[in-house]
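Structural features, examined
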Amino acid sequence: ALMFALARHIPQANRKLVGGEWDRGFKGIELTGKTLGVVGLGNIGAVVAERAHGLHMKVIGYDPVIDEERAKEIGVDLLPLDDVIKQADIITVHTPMLPETKHIIGKQAFENCKPGMRLINCARGGLVDEAALLEALENGKCGGAALDVYEKEPPEKGSPLVNHPKVVCTPHLGASTFDAQVKVAEIICSNVGNFLTGKDYIGRVN
Ligand code: 9EZ
């Protein structure tokens, strides 16, 4: 949803029209034919890649954990992180938050990326260095960003990132669907039953 919103300036155009202005000047980009860089190719990253193939995007990715065989299965060209950053028109992050993934998209990424690169973070606050992102939006190296998660939640009132004209943002709504709530309830119930009867369960008991 954020990739479409980012590609076609949907929130900005909506805001203008609601504000009484008929501005047909928003110029977006086609997703078909563009290169999507998926950083982190676990369950979510793999589903994102599958959806992107449906849009006829080229999908490249980086993940130090998965092997070539799995990459082939999900139709993703596995590349070093620097190459993903160099080649992608749009980068989306789907890694866990770990010491080695904090600010995985930072100053260096914005130096090496294509001019106008668009960035999506609906994974974990802190994967993107917000100060570096703001600078890259200001100097034009980053063409736009879509954010659902933040280094601090909620972000400061009047945050320059949230208020930036090239940023589309939502308040950590990633899992907020009726469907996801039903699925997570079902998984929890079957896990508790399976755990108490000594059977396998999904995930872990903290
Ligand atoms: C993915 C990762 C790190 C990563 C590390 C671990 C499951 N997982 N994924 C992309 N343990 C850096 C980039």
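Refer to the structure printed above.
The notes below deal with the structure included here.

Here is what the cut-offs are and how they apply
- Residues numbered from 1 in each chain as written.
- Predicted model: local features only at pLDDT ≥ 70, side-chain atom pairs only at ≥ 80, totals over all residues.
- Heavy atoms only, no water.
- 1 Å grid on protein atoms, 1.4 Å probe; cavity = no way out; pocket = protein on both sides within 12 Å on 5 of 7 lines; lining within 4 Å.
- Points joined across faces, edges and corners; volume = space filled by probe spheres on them.
- Nonpolar A, V, L, I, M, F, W, Y, C, P; charged D, E, K, R; others polar.
- Phe/Tyr/Trp six-rings, centres within 6.5 Å; stacked < 30°, edge-to-face > 60°.
- Buried < 20%, exposed > 50% of the residue type's maximum accessible area, 1.4 Å probe, protein only.
- Helix = DSSP H or I, 4+ residues; strand = E, 2+ residues; numbered from the N terminus.
- Pairing = 2+ DSSP bridges.

So, on to empty space enclosed by the protein. By the definition in use, this model includes one cavity of 30 Å³ or more. Looking at the largest cavity, the residues that line it are N121, G125, G126, V128, E130, L147, V149 and E151. When grouped by side-chain class, the residues that make up the lining of the largest cavity number three nonpolar, three polar and two charged.

Two descriptors summarise a pair of aromatic rings, namely the distance from one centre to the other and the angle between the planes of the rings. This structure, assessed with the given rule, holds one aromatic pair. Seen in terms of ring centroids, F195 and Y201 are 5.7 Å apart; in terms of plane orientation they differ by 75°. Their pairing is edge-to-face. Residue classification places F195 among the partly exposed residues on the basis of a relative accessible area of 45%. According to the relative accessible area criterion, Y201 is partly exposed, its value standing at 33%.

Once that is clear, we can look at the layout of surface pockets. Taken as a whole, the largest pocket holds about 2000 Å³ of empty space. Taken together, 48 residues line the largest pocket, and the ones lying closest to its centre are I44, G45, V48, H94 and C122. Those elements that place two or more of their residues in the lining of the largest pocket are α1 (2-8), β1 (35-39), α3 (43-54) and α8 (178-196). Classifying every residue of the lining of the largest pocket gives 28 nonpolar, 14 polar and six charged.

Glancing now at the sheet that holds β1. A sheet is described by the order of its strands in space; here seven strands give the open sequence β3-β2-β1-β4-β5-β6-β7, paired in parallel fashion. For this open sheet the edge positions go to β3 (77-78) and β7 (167-169), each flanked by a neighbour on one side alone. The pairing of β1 with strand β2 (residues 58-62) spans five bridges and is parallel. Across the sheet, residue G37 finds its bridge partner in β2, namely I60.

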